[in-house]
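# Reading the structure
Below are the chains, spelled out letter by letter.
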Amino acid sequence: MKRGCISALFLSAVAAIAIASAPAFAQAPAPAKAAPPAKAAKFDASACLGCHEPIKALHTSGKHKDVGCNACHDNTAAHLGDPTKRPVTRTDLATCGGCHQNQYKSYATMDWHRLARAEKKQYSGPAPNPSYDLLMTPHGFTKEHNQPRSHTFMLLDQFVVDRAFGGRFTTKNGWRYLADSGDFKLQDVLVDQYPDNTDQKPFKAGTAAAANPVCLSCKTQDHILDWAYMGDPVNGAKWSRTSKVVEMGKSVNHALNCFFCHDPHAAKPRIVRDALIQALTRTDPPTLYSQDARKTKVDVKEMGLRGYTRKIGLLERYDGKLQCGQCHVEYNCNPGFDPATGAAIGMADQRANFFPFVDINNVSKVYDAIKFRDFRNQFTGAALTKVQHPDVEVYYGSKHEKLGIDCSACHMPRVKDPKTGKVYTSHWQTNPKNYLKETCLGCHNQWTETQAKYVIESLAGRYQGKVRNAEFWLGMLISKYMDAQGAGVGDDVLKQAQARHGEAHVNWEWWTAANGASFHNPEQWMESLAKSVALSQEGIKILDDAMKAKRGAVAAAPAAPAAAPAATPAPK
């Protein structure tokens, strides 16, 4: 049965559920408990809803209709007395965890199998060196590109990674923070080593300063009320695409707020990422969603009450392809350039916050349509796309997706509380190998756990071999390009090789950037990686043929006549 993925959050609208970790969590220490819900006096919301019209319809129709505004908003009394005194909205996860304790505890459970700062460039990783730096230089990801770990760390890890803030931030406990687990406030553990300088720049060797405000929007929505639709810089909105990311970064605290996926007023499934909402409401260029005959309906609501547009999308049902797709997608979140003209595209341009929401066979077409590329390879000058994590796009059209199996079935299964016997949706959001009985064996009941794990790891082994093969041929193409350039091959030929390089690159990096790609859609990665190899080999042949023709032309050219001997000077 298809179940909606409650992607990273848990103000669960799905019924009452109880506490305690499932057996699969037994190895992890229990995170700090959320405070129990306070028994406050009944709150009369009529005055609030008299002004907040968009909220009224949501609040009165949902399971939270009896939850007072003061449960999630502080200083409501002062606001009612003076509308200019805005209440403070709680964006922490523990507030929701006061009632939804099982979801909160499972979210904050440590996955000790996911190592911190485990670089993909290790020889055993998805994108090992020396190939990765050759293929990706000068992009900031060459400074540090890590495997994912527990979602609770995704905001902190963004601040300390070498490619994001130039080595500005560290943690109060130094490297000992690696042993910490559970939910926490970012600013309680983070240290700015250069507090008197808010410029976004590298401070240390081997780092880059690539983070920007759009990057943060995938990690946190603490800023949701102060951010206009698409991050446009408009009057009244405190933060935008063009804000100083260091200043904005110091204002956020919580990774993957519950309200990414759960509307706090209606207690219904929703999405909040503006670039996804924009993608789901467009048909040109078309998207996987616009062409999906079984798509979940999205009701876009205008929520702007502060003088600027804000939007959310209410869903008719939980759907992981949309809710997980707020982050687990290929998206553009950075400056770039127009590949036709070379003109720079900065953060003021809406293309710096864009979701193609298409598969590997169409992603370059979409970026061609909006005239955008991320960077040029240092060695060939080819215009390249820096792929993020196209997990939803990879899953679309796979055998499991066509059967209606949602992301939650494997990554957030329904599990039983051993103390109460009640069933709830786990928010651990981890690899299904950590609970095979609740995931794979639910359908493949003829297998044992050993067999299920064997299938998963066998697919991964074959996948890694094909990725390595694509990397090899891309490296050979780059090497051949430099040879041809040094031999004086003409620009028209070099441009043909650059075009092959660009397409071979995206058909390789799409797969190294995706999470779980080996299992999500094996047929697609087999075809795409083979295409990458073929394109690289085409480029090599074009360059080889041009160099051979050039050598032949030189050999066939008539030798220049010997110079006449210099006249012997007459003796004095």
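Residues numbered from 1 in each chain as written. Predicted model: local features only at pLDDT ≥ 70, side-chain atom pairs only at ≥ 80, totals over all residues. Heavy atoms only, no water.

### Remarks on the environment of K402
Its location among the elements puts K402 in helix α15 (residues 399-402). Accessibility expressed as a relative area gives 58% for K402, which makes it exposed. Beyond its immediate stretch of four places on either side in the chain, K402 contacts R294 and G397. (Helix = DSSP H or I, 4+ residues; strand = E, 2+ residues; numbered from the N terminus. Buried < 20%, exposed > 50% of the residue type's maximum accessible area, 1.4 Å probe, protein only. Contact = heavy atoms within 4.5 Å.)

### Details of the pairing of strand β7 (residues 311-315)
A large share of β7 lies buried, amounting to 4 of its 5 residues. Here 2 bridges tie strand β5 (residues 270-271) to β7, and the two strands are oriented antiparallel to one another. Its bridge partner being in β7, I271 is matched across the sheet by G313. (Pairing = 2+ DSSP bridges.)

### Some details on the pattern of salt bridges
Throughout the structure, instances matching the rule amount to 27 salt bridges. The salt bridge partner of D349 is R351, with a shortest N-O separation of 2.8 Å. Exposure remark for R351: the relative accessible area of 23% places this residue in the partly exposed category. A salt bridge links R500 to E538; the nearest nitrogen and oxygen atoms lie 3.2 Å apart. Within this pair, whereas R500 is found in helix α19 (residues 491-513), its partner E538 is found in helix α21 (residues 522-556), the two being separated by 38 residues in sequence. The class of R500 is partly exposed, set by a relative accessible area of 25%. Overall, the relative accessible area of 38% leaves E538 in the partly exposed class. Linked by salt bridges that have partners in common, R294, D319, K321 and E401 make up one network. (Salt bridge = Lys/Arg side-chain N within 4 Å of Asp/Glu carboxyl O.)

### Notes on the packing of aromatic side chains
Here the structure, examined in full by the defined rule, presents 13 aromatic pairs. Here F153 and F184 contribute two aromatic rings whose centre-to-centre distance is 5.8 Å and whose plane-to-plane angle is 35°, an arrangement assigned as tilted. One end of the pair, F153, is in the loop between α6 (131-136) and α7 (154-160); the other, F184, is in the loop between β3 (169-171) and α8 (186-189), and 31 residues separate them in sequence. Using a relative accessible area of 21% as the deciding quantity, one classes F184 as partly exposed. Grouping aromatic residues by their ring pairs yields a cluster made of F159, F165 and F169. Above the face of the F153 ring, R149 is positioned so that its terminal group lies 3.7 Å from the ring centre. If you follow K311 out to its NZ or CZ, it ends over the ring of Y229, 4.3 Å from the centre. (Phe/Tyr/Trp six-rings, centres within 6.5 Å; stacked < 30°, edge-to-face > 60°. Lys NZ or Arg CZ within 6 Å of the ring centre and 35° of its normal.)

### A few points about the side chain of S217
Looking at the secondary structure, you find S217 in helix α9 (residues 213-219). Here P213 takes part through its backbone oxygen, which lies 3.4 Å from a polar atom of the side chain of S217. (Polar contact = N/O pair within 3.5 Å; in protein donor to acceptor, adjacent residues only side chain to side chain.)

### Quick look at the layout of surface pockets
In this structure, the second largest pocket spans a volume of roughly 1100 Å³. Elements with a minimum of two residues in the lining of the second largest pocket: α1 (46-51), α2 (53-61), α3 (76-81) and α4 (93-97). If you tally residues by element for the lining of the second largest pocket, the top one is α1, at 4 residues. For the lining of the second largest pocket, the residue count by class is 23 nonpolar, 12 polar and 6 charged. (1 Å grid on protein atoms, 1.4 Å probe; cavity = no way out; pocket = protein on both sides within 12 Å on 5 of 7 lines; lining within 4 Å. Points joined across faces, edges and corners; volume = space filled by probe spheres on them. Nonpolar A, V, L, I, M, F, W, Y, C, P; charged D, E, K, R; others polar.)

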